[in-house]
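# Structural description and commentary
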Amino acid sequence: VAPETLRVVEVDQGSAILAGDRRLMTVYDADAYGSGIPRPVLAGAARSMIASTLSAYRAERTPRALGLNIAIAVGATLAAGVLLWGSRRAFRWLDVLAERRFRRHIEGLEAQAYRLIRAKHLLGTMHGAVAVLRVAVAVAIGFVYLRVVLERFPWSRPLARQLEALVLGPLG
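The paragraphs below set out a description of the structure included in this document. Sequence order as written defines residue numbering, which begins from 1 separately in each chain. Where local features are concerned, this predicted model is filtered to residues with pLDDT of at least 70; where side-chain atom pairs are given and counted, the filter is 80 or more; whole-chain, interface and lining totals use all residues. Hydrogens are left out, water is left out, and the side-chain values use all remaining heavy atoms of the structure.

### A short note on the overall build of the protein
Under the scheme used here, helices are H or I runs from DSSP no shorter than 4 residues and strands are E runs no shorter than 2 residues, and both carry numbers assigned from the N terminus. Across its full length, the protein carries five helices and three strands. Going from N to C terminus, the protein has its helices and strands arranged as β-β-β-α-α-α-α-α. Relative to the globule expectation of 16 Å for 172 residues, the C-alpha radius of gyration of the protein, 30 Å, shows a markedly less compact shape. Relative accessible area decides the class of each residue, using a 1.4 Å probe on protein chains only: under 20% of the type maximum gives buried, over 50% gives exposed, and in between gives partly exposed. Relative to its full complement of 172 residues, the protein shows a buried share of 23%. In what follows, residue pairs with any heavy atoms lying within 4.5 Å of each other are defined as contacts. The contacts of the protein with a sequence gap of at least 6 include a subset with a gap of at least 24, amounting to 48%. What sets the accessible areas is the Shrake-Rupley method with a 1.4 Å probe; for residues, cover comes only from the shown protein chains. Accessible surface, the protein as shown: approximately 12000 Å² in total, 65% of it carbon and sulfur. Side-chain charges in the protein split into 23 positive and 13 negative, and the spacing between the mean points of these groups amounts to 14 Å. Based on C-alpha atoms, the radius of gyration is set beside the globule rule, defined as 2.2 Å times the residue count to the power 0.38. Note that His is not counted, nor are the chain ends; the positive residues are Lys and Arg, and the negative ones are Asp and Glu. Think of each charge as sitting on NZ of Lys, CZ of Arg, CG of Asp or CD of Glu.

Rendered as structure tokens:
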């Protein structure tokens, strides 16, 4: 059905919106009364919305649109891979740097605390904190990646929105 073929025809019960000879819907007086808009105007607005929705539905499924979205998804995959690789290297560097900087301070603290605090336990805690932060960054990169890629395609868009609601819903 071509969007241009949609038309409004006045019938006994109200204003029918037709696609060719097939009736898609009818706007009744009760519909118009509830909205405060004359029935023919409301039916024309409904016809326009149906036509624009149909056009948008078809436009995002054209080979050109799908090819562009595939290219964006491939780019997002490469970007996510680079970000994960870079964050892994950055956290290794951060872990080594933090250990170098704090080792002598922690050992001095250990001497002052009469061995109540062990340097290796404090360093282990620091390494654990860096590891938790590294996992949090990886999860965030994965979430953004999935959200971007799933949103690109019409058939996976509802899944992207469910994922967003699941992850970000409790925060808002």
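Structure shown, so let's carry the discussion forward.
### What about the packing of aromatic side chains?
Working definition: a ring pair exists when centres of Phe, Tyr or Trp rings (six-membered ring for Trp) sit within 6.5 Å. Plane angles under 30 degrees give stacked, over 60 give edge-to-face, the rest tilted. Inspection of every chain in the model, using the stated rule, returns one aromatic pair. A centroid spacing of 5.8 Å and a plane angle of 20 degrees characterise the contact between Phe-153 and Trp-155, whose relative ring orientation is stacked. Consider the ring centre and the ring normal. A charge sits over the ring if Lys NZ or Arg CZ is within 6 Å of that centre and within 35 degrees of that normal. Its guanidinium or amino end placed over the ring of Tyr-57, Arg-61 lies 3.6 Å from that ring's centre, counting from NZ or CZ.

### A few points about a positive patch on the surface
A grouping of Arg-88, Arg-89, Arg-92 and Arg-134 is seen on the molecular surface, where their side chains present a positively charged patch. Top element by residues in the positive patch is helix H3 (residues 63-112). It accounts for three residues. Within the fold, Arg-88 resides in helix H3. To count toward a patch, a residue needs a relative accessible area over 30% and no salt bridge; like charges are then connected within 9 Å, while nonpolar side chains (Val, Leu, Ile, Met, Phe, Trp, Tyr) are connected within 5 Å. By salt bridge we mean one thing: a side-chain nitrogen of Lys or Arg within 4 Å of a carboxyl oxygen of Asp or Glu.

### A short note on the sheet that holds strand S3 (residues 22-28)
Here, any two strands with at least 2 DSSP bridges between them count as paired. Spatial strand order, S1-S2-S3: three strands in an open sheet with antiparallel pairing. The open sheet has two free edges, formed respectively by strand S1 (6-10) and S3, since each of these has just one partner strand. Taken over all neighbouring pairs, the strand axes of this sheet differ in orientation by 25 degrees on average, direction set aside. The pairing of strand S2 (residues 14-19) with S3 spans six bridges and is antiparallel. Note on method: axes are straight lines fitted to C-alpha atoms, helices fitted across the in-contact stretch only, with angles between N-to-C directions ranging 0 to 180 degrees.

### Considerations on the environment of Ala-30
With respect to the helices and strands, Ala-30 occurs in helix H1 (residues 29-35). Sequence spacing of Ala-30 and Arg-92 is 62 residues, and the spatial spacing of their C-alpha atoms is 67 Å.

### What about the nonpolar core?
By size, the foremost hydrophobic cluster in this structure holds five residues: Leu-66, Ala-73, Ala-76, Val-149 and Phe-153. Apart from residues lying up to four places away in sequence, Phe-153 is in contact with Leu-66, Asn-69, Ile-70 and Ala-73. The term nonpolar core refers to a set of buried residues drawn from Ala, Val, Leu, Ile, Met, Phe, Trp, Tyr and Cys, joined through side-chain atoms within 4.5 Å.

### Here we look at the pattern of salt bridges
Throughout the structure, instances matching the rule amount to nine salt bridges. A salt bridge links Arg-157 to Glu-60; the shortest N-O distance between them is 3.2 Å. Of this pair, Arg-157 sits in helix H5 (residues 157-168) while Glu-60 sits in the loop between helix H2 (39-59) and H3, and the two are 97 residues apart along the sequence. For Glu-60, a relative accessible area of 27% corresponds to the partly exposed category.

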